[in-house]
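Breakdown of the fold
Chain residues, written in single-letter form:
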Number of protein chains: 2
Amino acid sequence: MIYLVGLGLYFELPDRIIREIREFERYVDIYTSYVPESIIDRYEAMPADREFLENGIFKVMDRNIAILIPGDPLFATTHSAIYFEAIRRGIRVRVFHNSSIINAISRTGLSPYRFGRVVSVASWVNMGIRSYLDNIEQNRRNGLHTLVLPDPMFRDTDEFFSKVDLGEEIFTLARVGYEDEIIAYGRVYSTKPFAFIVPSELNHYEREFVDILKKHSFLK
Amino acid sequence: MIYLVGLGLYFELPDRIIREIREFERYVDIYTSYVPESIIDRYEAMPADREFLENGIFKVMDRNIAILIPGDPLFATTHSAIYFEAIRRGIRVRVFHNSSIINAISRTGLSPYRFGRVVSVASWVNMGIRSYLDNIEQNRRNGLHTLVLPDPMFRDTDEFFSKVDLGEEIFTLARVGYEDEIIAYGRVYSTKPFAFIVPSELNHYEREFVDILKKHSFLK
């Protein structure tokens, strides 16, 4: 049985789930997002890198395995591949959903109902891949904001912006759920994990909310 | 201080949050989604109806109040209004994000990266309000799926479909996180909470995933 368990934005689980996963071989996904060492220790888990998540897992998925995944456990393509392959093989699969950066977008003052498709940016972006820009542009043409999820291979925001230009009118969401969480209007320096929002034109309410957040230092 | 606490899809909280909210006057939002009576008891909370969430709260928000909210605590307009008004008044505000129906969309086989804006449908929809259809159509024109969130005033899917036609080619997500969870291709009967996905054209992977889910009864 495969148990895909979201660690959410805070790496915390309800008691029921902690009890349940005791019976499983436990792995923590350290590939699709950043996970502090202390979390791997807390759940007495093994670190699962890209090689394990994209290959190794398929050799051992008949065992009882829990994969603990930062954020929600079924958003990244890596996890979906494990989910669908396990089902295809008739292996029992369970999912525990948890909070993800997509749940935090409203902390910027922007309406969650005014977001278009989510866009990811691969770390090999400078090799001529521009589809993320087309998708941001499509959202903007439709009056919609874009949540941009950078590849976890980018070490920090500086490295990201050395390869990708989202313009200056962006929001930065960095280390959301951590003690040093940053929600900012504009580019700020941060280490992983981080994401950005490229806004479309703000409506009346959004402008008012952004102003409130700024005035009371909820927005850097 | 106002503490907006998401109960997620499972109404379960990590230990840290349970300890923290003991110090607060606790309310459970029974307006924006459906909450079983047992949950209100479990957290020794008071039920918060529409009147309280849209009016009463603003008279008592200088006290230490925790509002426990099904799903994520900052997606619905009702909760955002509380959040921004508290900040405007200089009242301390904290948020604990949690899983929401938006995190479960990939359980249908559809790619979370191919969803356009989320659309809500008010219960007074038959009074000529058609903007939700325009937004679904805009998503579809852009090759994107639409998550449709019905007003919690709709008692069951039958009542919803007596007023709203999303066509037959839809996915139903009903009671996700509950024992009697349903993820279905097509319309099915269910009581609250429920949501729908109006898909755009499925791509190759999505069609394969939908077929796998159907074959192994992960999709009704």
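Residues numbered from 1 in each chain as written. Chains lettered and ligands numbered in written order. Predicted model: local features only at pLDDT ≥ 70, side-chain atom pairs only at ≥ 80, totals over all residues. Heavy atoms only, no water.

1. Here we look at the relation of the copies chain A and chain B
Superposing chain A onto chain B takes a rotation of 180 degrees combined with a translation of 0.0 Å along the rotation axis, leaving an RMSD of 0.0 Å. Considering both components of the superposition, the chain copies are consistent with a two-fold axis. Most of the interface of chain A is mirrored in chain B, where 100% of its interface residues are also at the interface. (Least-squares fit on C-alpha atoms with pLDDT ≥ 70 in both. Contact = heavy atoms within 4.5 Å.)

2. Comments concerning unusual backbone geometry
Residue and element names in this part refer to chain A. Note the cis peptide between lysine 192 and proline 193, where omega equals -10 degrees. By the element assignment, proline 193 lies in the loop between strand 9 (182-185) and strand 10 (194-198). Phi angles above zero are rare outside glycine, and phenylalanine 11 is one such case at about 60 degrees. Assignment of secondary structure puts phenylalanine 11 in the loop between strand 1 (2-8) and helix 1 (15-21). Taking the relative accessible area as the measure of exposure, phenylalanine 11 reaches 6% and is therefore buried. (Helix = DSSP H or I, 4+ residues; strand = E, 2+ residues; numbered from the N terminus. Buried < 20%, exposed > 50% of the residue type's maximum accessible area, 1.4 Å probe, protein only.)

3. Overview of the domain arrangement of chain A
Residue and element names in this part refer to chain A. Its domain assignment divides chain A into domain 1 (2-99) and domain 2 (102-215). The gap between the C-alpha centroids of domain 1 and domain 2 is 26 Å. Listed by partner, the interface residues are 11 residues for domain 1 and 12 residues for domain 2. Counting the surface lost from both domain 1 and domain 2, the interface buries some 860 Å², and carbon and sulfur atoms represent 71% of this. For the domain 1 face of the interface with domain 2, the top three residues by lost area are Leu9, Tyr34 and Phe75, together amounting to 53%. Where domain 1 touches domain 2, the interface holds 0 salt bridges. Inspection of the domain 1/domain 2 interface yields 1 residue pair in polar contact (both at pLDDT 80 or more). Looking at the side of domain 1 that touches domain 2, its residues break down into 7 nonpolar, 4 polar and no charged. (Domains from an automatic or database assignment. Buried area = accessible area lost by both parts, 1.4 Å probe. Salt bridge = Lys/Arg side-chain N within 4 Å of Asp/Glu carboxyl O. Polar contact = N/O pair within 3.5 Å; in protein donor to acceptor, adjacent residues only side chain to side chain. Nonpolar A, V, L, I, M, F, W, Y, C, P; charged D, E, K, R; others polar.)

4. Re the sheet that holds strand 2 (residues 25-29) of chain B
Residue and element names in this part refer to chain B. Pairing is parallel in the open sheet, where 5 strands are placed in the order 3-2-4-1-5. Because the sheet does not close on itself, it has two edges, and the strands there are strand 3 (46-48) and strand 5 (93-96). The sheet shows a mean angle of 25 degrees between the axes of neighbouring strands, taken without regard to direction. Pairing of strand 2 with strand 3 involves 3 bridges; the strand directions are parallel. Within strand 3, the residue paired with aspartate 29 across the bridge is alanine 48. In the packing of helix 3 (residues 50-60) onto the sheet, the strands contacted are strand 1 (2-8), strand 2, strand 3 and strand 4 (65-70), and the crossing angle to strand 4 comes to about 160 degrees. This element, helix 4 (residues 77-88), spans strand 1, strand 2, strand 4 and strand 5 of the sheet and lies at about 155 degrees to strand 1. (Pairing = 2+ DSSP bridges. Axes fitted to C-alpha atoms, helices over the stretch in contact; angles between N-to-C directions.)

5. Quick word on the pattern of salt bridges
On inspection of all chains with the given rule, the structure shows 30 salt bridges over all chains. Here A:Glu12 and B:Arg16 are joined by a salt bridge, their closest N and O atoms 2.6 Å apart. Taken together, the residues A:Glu12 in the loop between strand 1 and helix 1 and B:Arg16 in helix 1 (residues 15-21) connect one chain to another. By relative accessible area, which is 16% here, A:Glu12 ends up buried. Its relative accessible area of 26% is what places B:Arg16 among the partly exposed residues. Note that A:Glu181 is salt-bridged to A:Arg107, the shortest N-O span being 2.5 Å. Of the two residues, A:Glu181 sits in the loop between strand 8 (171-174) and strand 9 while A:Arg107 sits in the loop between strand 5 (93-96) and strand 6 (119-121), which places them 74 residues apart along the sequence. Judged by relative accessible area, which is 31%, A:Glu181 ranks as partly exposed. Here the salt bridges share partners, and the residues they tie into one network are A:Glu12, B:Arg16, B:Glu20 and B:Arg94.

6. Describing the interface of chain A and chain B
Between chain A and chain B, the residue contacts involve 45 residues of the former and 45 residues of the latter. Taken together, both faces of the contact between chain A and chain B bury some 4,400 Å²; the carbon and sulfur share is 59%. Connecting chain A to chain B are 2 salt bridges. Scanning the region where chain A abuts chain B turns up 21 residue pairs in polar contact (both at pLDDT 80 or more). For the side of chain A that touches chain B, the secondary-structure elements that each account for two or more residues are helix 1, helix 4 (77-88), strand 5 and helix 7 (204-215) of chain A. Here the element with the most residues in the side of chain A that touches chain B is helix 4 of chain A; it accounts for 4 residues. In terms of residue class, the side of chain A that touches chain B is made up of 24 nonpolar, 13 polar and 8 charged.

7. Some thoughts on the side chain of A:Arg114
The residue A:Arg114 is located in the loop between strand 5 and strand 6 in this model. Reaching out from A:Arg114, the side chain makes a polar contact with the backbone oxygen of A:Glu201 at a distance of 3.1 Å. If near-sequence neighbours (up to four positions away) are discounted, A:Arg114 is found in contact with A:Gly143, A:Leu144, A:His145, A:Ser200, A:Glu201, A:Leu202, A:Asn203, A:Glu206 and B:Arg117.

8. Topic: the side chain of A:Glu159
Residues and elements named next belong to chain A. Among the structural elements, glutamate 159 can be located in helix 6 (residues 157-163). Within the structure, the side chain of glutamate 159 is placed 2.7 Å from the backbone nitrogen of arginine 155, a separation counted as a polar contact. If we skip the residues at most four places from it in the chain, glutamate 159 touches Met153 and Phe154.

9. A few points about the nonpolar core
Of all hydrophobic cores here, the largest spans 132 residues; its most connected members are A:Leu147 and B:Leu147. Ignoring sequence-local partners within four residues, the contact set of B:Leu147 consists of B:Ile101, B:Ile102, B:Ile105, B:Phe115, B:Val118, B:Val119, B:Leu173, B:Ala195, B:Phe196 and B:Ile197. (Core = buried A, V, L, I, M, F, W, Y, C linked by side-chain atoms within 4.5 Å.)

10. Points about the environment of B:Gly167
Residue and element names in this part refer to chain B. Here glycine 167 is to be found in the loop between helix 6 (157-163) and strand 8 (171-174). Residue class for glycine 167 comes out partly exposed when judged on its relative accessible area of 25%. Taking the C-alpha atoms as reference, glycine 167 lies 26 Å from tyrosine 178; in sequence the two are 11 residues apart.

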